[in-house]
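Reading the structure
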Amino acid sequence: MRKVLTAAMAALLATTTLGFAQPVTLKLAHFWPMGAGPHKDFTVNWTDEVTECSGGEITFEFYTAGTQLGNVTKLEDVLRAGLVDIAHGLNHLPRNRFTTATIMDTPLLAKSAYANSMTLWTLFEEGLISKPYDGIKVLALHAHNAGLIHTKEKAVKAPGDLEGMRIRAPSPAAAMMLEELGAVPVGVPPGDTYEVISKGTADGTIFPWEGVAAFKLAEILDHSSDLKLNAASFWFAMNENKYNSLSDSQRKCIGDASGEKLVKQTGAYWDTWDAPGLEQTKAEGSEIFVPDEAQQAAWTEAMQPVIAKYHESLKGAGFDNVEETYARAQELVEKYQAEYEAQ
């Protein structure tokens, strides 16, 4: 009997090693509505690729905006606790999480989503921002196209226009920028933006065009200022224990669909996701302000003390190599922006 049991266990181990594992359903959580581009394209395309690669061994359950597991402020916690297997969240929520990646939030650093995302991924691969992700399996890091300030009633064209306005801030860096310019940051999750603006709790928000479409904001906004001041960044990761429990072949399917390949795709995704927000804003007849060279220079000057203050705050949060990482990020974003423009 002992020999029979030993042989059975060896056979089971062999099938697992060879990749003939039992089918597995992975729980995947994020904070976007299911109709939004980040779900329809990023999530569904990635999961479809993994399912196809695995021959149907890996399938997925989705937990999105409005579900308990899709709460943007709890995504890292539920992932690390194993309540979900994969999650897609914001680097700065909750505050002081994944602080190193928020170097990308530095005002005026952001360019295209492609350049921003590839910069983040290279910084991660080089070890400059990787430490806070210890204990989870990072599948991708990315960031959106440089954002805009969208407002109701009053337009924002010069730094002084923000004085006294209440603006939904997407990140600590944006909140610091708003405070420096005399505005009042309103700290609410992305999904609450429509409510706070429609009720008058906020006068506007900072979002890429994608957010305007995802959260149906065009119908309540009057002005959009294309100032390219910031970009928020995102993480896409898997519970490390769950990842390690998969067969070799299953892990290979996860890996083949992730990493630099997926990061590069996000650039084109964001361009696609931004288009409806711009179109909806135009259809509503809202003003779209694009600064000329002199007007942009005024914003650049106004941002210098904000940049210094923000980097000091990162140091206070335990980010020791801020200057080195920022200098490298500046080099990389220029390099990848040139690649983007040459495509």
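Quick summary incoming for the structure in this document. Every value quoted in this text rests on a predicted model; they were computed, and no experiment measured them.

The next subject is the overall build of the protein chain. A tally of regular secondary structure across the protein chain gives 12 helices and 11 strands. For 343 residues, the compact-globule estimate of 2.2 N^0.38 gives 20 Å, and the protein chain sits close to it at 22 Å. Judged by the C-alpha coordinates and their principal axes, the protein chain covers about 85 × 40 × 40 Å. The contacts of the protein chain with a sequence gap of at least 6 include a subset with a gap of at least 24, amounting to 76%. With an accessible surface of roughly 14,800 Å², the protein chain has 53% of that area assigned to carbon and sulfur atoms. Treating the 29 positive side-chain charges of the protein chain as one cloud and the 45 negative ones as another, the clouds have centres 7 Å apart.

As a further point, take the side chain of D105. Among the structural elements, D105 can be located in the loop between β3 (86–90) and α4 (113–125). Separated by 3.4 Å, the side chains of D105 and S171 make a polar contact. Excluding its chain neighbours within four sequence positions, the residues that come into contact with D105 are H92, S171, A173, N230, A231, A232, S233 and Y310.

Turning our attention to the packing of α4 against helix α10 (residues 260–283). Contact geometry of α4 with α10 gives a least axis separation of 7 Å together with a crossing angle of 160°. Here α10 runs roughly antiparallel to α4, going by the angle between their axes. Both α4 and α10 take part in a crossing whose hand is right-handed. Between α4 and α10, the residues in contact are A113, Y114, S117, M118 and W121 and E260, V263, K264, T266, G267 and W270, respectively.

Quick look at the pairing of strand β2 (residues 58–63) now. Two elements, strand β1 (residues 24–30) and β2, share 6 bridges in a ladder whose sense is parallel. Bridge pairing in β2 links V24 to I58.

A few words now on the side chain of T119. Along the chain, the position of T119 falls in helix α4. Apart from the residues within four sequence positions on either side, T119 is in contact with M104, A329, L332, V333 and Y336.

The next thing to look at is the environment of A87. By the element assignment, A87 lies in strand β3. Put simply, A87 and L75 are 12 residues apart on the chain and 6.3 Å apart in space, counted from C-alpha to C-alpha. Not counting residues up to four positions away in its chain, the partners in contact with A87 are A29, L75, L79, W235, F236 and A237.

Sheets are built from strands paired through backbone hydrogen bonds, the pairs being either parallel or antiparallel. Read across the sheet, 6 strands follow the order β7-β6-β8-β5-β9-β11 without closing on themselves; strand pairing throughout is mixed. Bordering the open sheet on either side are β7 (184–186) and β11 (287–289), each of which pairs with just one other strand. Taken pair by pair, the neighbouring strands of this sheet meet at an average axis angle of 25°, ignoring direction. Here strand β6 (residues 166–168) runs beside β7; their pairing, made up of 3 bridges, is parallel. Note on β7: the bridge partner recorded for R168 is V186.

Considered for burial, the residues of helix α9 (residues 248–256) that qualify are Q250, R251, C253 and I254. Buried positions in α9, seen along its axis, are confined to an arc of 155° and lie on one side of it.

What counts and what doesn't
- Residues numbered from 1 in each chain as written.
- Predicted model: local features only at pLDDT ≥ 70, side-chain atom pairs only at ≥ 80, totals over all residues.
- Heavy atoms only, no water.
- Helix = DSSP H or I, 4+ residues; strand = E, 2+ residues; numbered from the N terminus.
- Rg over C-alpha atoms; globule rule 2.2 N^0.38 Å.
- Contact = heavy atoms within 4.5 Å.
- Areas by Shrake-Rupley, 256 points an atom, 1.4 Å probe, with all protein chains shown as cover.
- Lys, Arg positive; Asp, Glu negative; His and termini not counted.
- Charge placed at Lys NZ, Arg CZ, Asp CG, Glu CD.
- Polar contact = N/O pair within 3.5 Å; in protein donor to acceptor, adjacent residues only side chain to side chain.
- Axes fitted to C-alpha atoms, helices over the stretch in contact; angles between N-to-C directions.
- Parallel < 35°, antiparallel > 145°, perpendicular 65-115°, else oblique.
- Left-handed = near helix turned anticlockwise from the far one by under 90°.
- Pairing = 2+ DSSP bridges.
- Buried < 20%, exposed > 50% of the residue type's maximum accessible area, 1.4 Å probe, protein only.
- Arc of directions from axis to C-beta.

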